[in-house]
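# A look at the structure
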Amino acid sequence: MTPVEMRATLSLASIYGLRMFGMFSILPIFAIYASTLPDNPSALMIGLALGAYGLTQALFQLPFGMASDKFGRKPMIYLGLAIFAIGSMVAALAMNIEGVIIGRAIQGAGAVSAVVTALLADLTRDEHRTKAMATIGATIGVAFAVSLVGGPLLNQWIGVQGIFVMTAFLTLAAIVVVKFVVPDPVHSHYHSDASAAPAKLKDVLKNKQLLRLNYGIFALHAAQMAMFVVVPFAIAKSGNIEVNQHWHIYLPVLVASFVFMVPAIIYAEKQAKVKQVFVGAVATMLLAQLVFAGSIQHFWGIVFSLTLYFIAFNVLEASLPSMISKIAPAAAKGTAMGVYNTAQSLGIFAGGALGGYLSHKFGFASVFIFCSVMMLLWLIFAYSMQAPPAVKTKMYSLDETAAELTADNAAILKDRLTKLIGVIEAVVLPQERTVILKIDKSQDWDEAQVYKLLRG
């Protein structure tokens, strides 16, 4: 990467980190805080407050990304972050659960993820974009882990309302980073690998393999949000542990989960066992939900369930985007990821709402019975899916000084690239001046042949 690409990657990753840390920090403490609000809100209302941002995020995520093609990346990021900051302040100042729900919904309406991804694509060369995206993914994972430990500590010092205020200021800091640190793109345009295209939605939504993965991310995040409606109360009651001390549980559980996750991911990729590891992780998630259902009243049962849960969650959260990339048509990867992210946001909303309703009507165990049913369906879908091909995606930019590529020349170049040893799929995008190749990892790969063809 060039210094400009590195600066763009790290600064945009920090925007994700600042925003997501504030969002995630309330998860382990919010349910207990919300229960102390006036009028003793029901678990259903608490669940709606937790999940409300997922619904508006699902509604606004793709439109924000598409609007950035017309109005510019940075202006749309400023708008989205400003909306998010306003929502955070509304939630902080709310005196009842209805006000918090409104604040959380406004937070979700500031859905800048797709725009940030598009800006990153503008600022990085095709061949380095995968590394840049992986850096952002790692930043989100770290923000999640740190927030589960940091949330209870912050609650002790500034309370949940203070965390909402902190989130607003972190968001304003993110605006400053966008303005003064993130480079301005020389030119912005649509990127097939990073942005959604309405014309490609139909093909993506008809792909049964992608639909299985979209259901998976929906179920994964629905179960996560449902869990955080119930588990804080269960830990406090069964272990007689004050909410500010819950980080003592999350810290060792998260460390243990990372210790198991890293070897599993490495083994899956190196040994071409992605499906086997994936199915095993879904089965582990199902087991975690069943153990939750049977031991939610027992402290050590909860700790054991959380350990199983986070082992499975971390493996699945890391595996799913990679599998989308392997399975999606090369020219529709951005659209596939847009649908995937929308399914994730809908899962957040559904999990909060259903988790709150079930725990209110039928008790804690019913939440995990429901989650177990979702995971059993996912296990069936995962077991019966086609194994993702053992491929890597390579992208190449056409020389800016070269003549415009006609449709006929693009077709000829595609045909020649497809005939290269190891190439499974080749896509030539004349308007983007980009070539995307899916390459069989088991084959010897001579990249010099590609550059020779690109030079004509």
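The following refers to the structure shown. In this text, all values refer to a predicted model and were calculated from it rather than measured experimentally. (Residues numbered from 1 in each chain as written. Predicted model: local features only at pLDDT ≥ 70, side-chain atom pairs only at ≥ 80, totals over all residues. Heavy atoms only, no water.)

What follows is about the overall build of the protein chain. Helix and strand counts for the protein chain come out as 16 helices and three strands. Projected onto its principal axes, the C-alpha positions of the protein chain cover 70 × 45 × 35 Å. Classification of the 456 residues of the protein chain by burial places 55% in the buried group. By sequence separation, contacts in the protein chain at least 24 residues apart represent 81% of the contacts at least 6 residues apart. (Helix = DSSP H or I, 4+ residues; strand = E, 2+ residues; numbered from the N terminus. Buried < 20%, exposed > 50% of the residue type's maximum accessible area, 1.4 Å probe, protein only. Contact = heavy atoms within 4.5 Å.)

This brings us to the pairing of strand E3 (residues 434-440). Of all seven residues making up E3, six are buried, and the element is well covered by its neighbours. Strand direction decides the pairing type here: strand E1 (residues 391-397) and E3, joined by seven bridges, are antiparallel. When the bridges of E3 are listed, Lys394 appears paired with Leu437. Turn length for the strand E2 (residues 423-429)-E3 hairpin, with the two strands adjacent in sequence and antiparallel, is four residues, and the turn residue Arg433 shows positive phi of about 55 degrees. (Pairing = 2+ DSSP bridges.)

The three strands are arranged E1-E3-E2 in an open sheet whose pairing can be described as antiparallel. Strand pairing shows two members of the sheet lacking a second neighbour, E1 and E2, which therefore form its edges. Strand-to-strand twist across the sheet, computed as the mean angle between neighbouring axes with direction ignored, equals 15 degrees. Helix H15 (residues 407-418) rests against E2 and E3 of the sheet, and its axis sits at about 165 degrees to E2. (Axes fitted to C-alpha atoms, helices over the stretch in contact; angles between N-to-C directions.)

Attention now moves to helix H6 (residues 113-123). Summarising burial for H6: ten of the eleven residues are buried, a large majority. Every buried residue of H6 is listed here: Ser113, Val115, Val116, Thr117, Ala118, Leu119, Leu120, Ala121, Asp122 and Leu123.

What follows covers the packing of helix H8 (residues 198-206) against helix H13 (residues 333-362). The contact between H8 and H13 brings their axes to 9 Å, and the two run at 65 degrees. Here H8 is positioned roughly perpendicular relative to H13, judged by the angle of their axes. As for how H8 packs across H13, the hand of that crossing is right-handed. When H8 is examined against H13, the residues Lys200, Leu201, Val204 and Leu205 are found in contact with a partner set consisting of Thr335, Ala336 and Val339. A per-class count over the contact of H8 with H13 returns five nonpolar, one polar and one charged. (Parallel < 35°, antiparallel > 145°, perpendicular 65-115°, else oblique. Left-handed = near helix turned anticlockwise from the far one by under 90°. Nonpolar A, V, L, I, M, F, W, Y, C, P; charged D, E, K, R; others polar.)

Our focus in this paragraph is the packing of aromatic side chains. Here the structure, examined in full by the defined rule, presents twelve aromatic pairs. With 5.5 Å between their ring centres and 90 degrees between their planes, Tyr396 and Tyr451 make a pair best called edge-to-face. Residue Tyr396 is located in strand E1, and its partner Tyr451 is located in helix H16 (residues 447-454); the two are separated by 55 residues in the primary sequence. The class of Tyr396 is buried, set by a relative accessible area of 3%. Using a relative accessible area of 38% as the deciding quantity, one classes Tyr451 as partly exposed. Every member of this aromatic cluster is reached through a ring pair, and the members are Phe24, Phe144, Tyr309, Phe310 and Phe313. The ring centre of Phe84 lies 4.9 Å from the NZ or CZ of Arg19, which sits over that ring. Against the face of Tyr383 rests Lys275, its NZ or CZ located 5.9 Å from the ring centre. (Phe/Tyr/Trp six-rings, centres within 6.5 Å; stacked < 30°, edge-to-face > 60°. Lys NZ or Arg CZ within 6 Å of the ring centre and 35° of its normal.)

Next up on the list: the nonpolar core. The biggest cluster of nonpolar side chains holds 104 residues, and the ones touching the most others in it are Phe30, Phe278, Leu306, Phe310 and Trp378. When residues of this core are assigned to their parent elements, the largest contribution, 16 residues, is made by helix H9 (residues 208-239). In terms of nonpolar packing, the next biggest core, distinct from the first, is built from 22 residues, Ala67, Ala132, Ile136 and Ala174 among them. (Core = buried A, V, L, I, M, F, W, Y, C linked by side-chain atoms within 4.5 Å.)

Turning to the side chain of Thr171, a few remarks are in order. Inspection of the secondary structure puts Thr171 in helix H7 (residues 126-180). Beyond its immediate sequence surroundings of up to four residues, Thr171 is in contact with Leu81, Phe84 and Ala85.

What the rule picks out here adds up to seven salt bridges. One salt bridge connects Arg73 with Asp122, and the closest N-O pair in it is separated by 2.7 Å. With Arg73 in helix H4 (residues 73-93) and Asp122 in helix H6, the pair connects residues that are 49 residues apart, well separated along the chain. Across this residue pair, the class does not change: Arg73 and Asp122 are buried. Its salt-bridge partner being Asp415, residue Lys419 comes within 3.3 Å of it at the nearest N-O pair. Relative accessible area serves as the criterion here: at 64%, Lys419 is assigned to the exposed category. Taken together, the shared-partner salt bridges in this structure form one network comprising Asp69, Arg73 and Asp122. (Salt bridge = Lys/Arg side-chain N within 4 Å of Asp/Glu carboxyl O.)

What follows covers the environment of Ala268. Of note, Ala268 is situated in helix H10 (residues 247-270). Sequence separation between Ala268 and Leu316 is 48 residues, and the spatial gap between their C-alpha atoms is 12 Å.

Glancing now at the environment of Ile106. Its location among the elements puts Ile106 in helix H5 (residues 97-109). Ile106 gets classed as partly exposed once you look at its relative accessible area, which sits at 25%. C-alpha separation for the pair Ile106 and Met227, spaced 121 residues apart in sequence, amounts to 23 Å. The contact partners of Ile106, leaving out residues within four places of it in the chain, are Ile83, Ile86, Gly87 and Val90.

A few words on unusual backbone geometry. A positive phi angle is found at Asn40, which is not glycine, with a value near 45 degrees. Structurally, Asn40 can be placed in the loop between helix H2 (30-35) and helix H3 (43-71). A positive phi is found at Asn240, a non-glycine position, where the angle reads about 55 degrees. Within the secondary structure layout, Asn240 lies in the loop between H9 and H10. For Asn240, a relative accessible area of 71% gives the class exposed.

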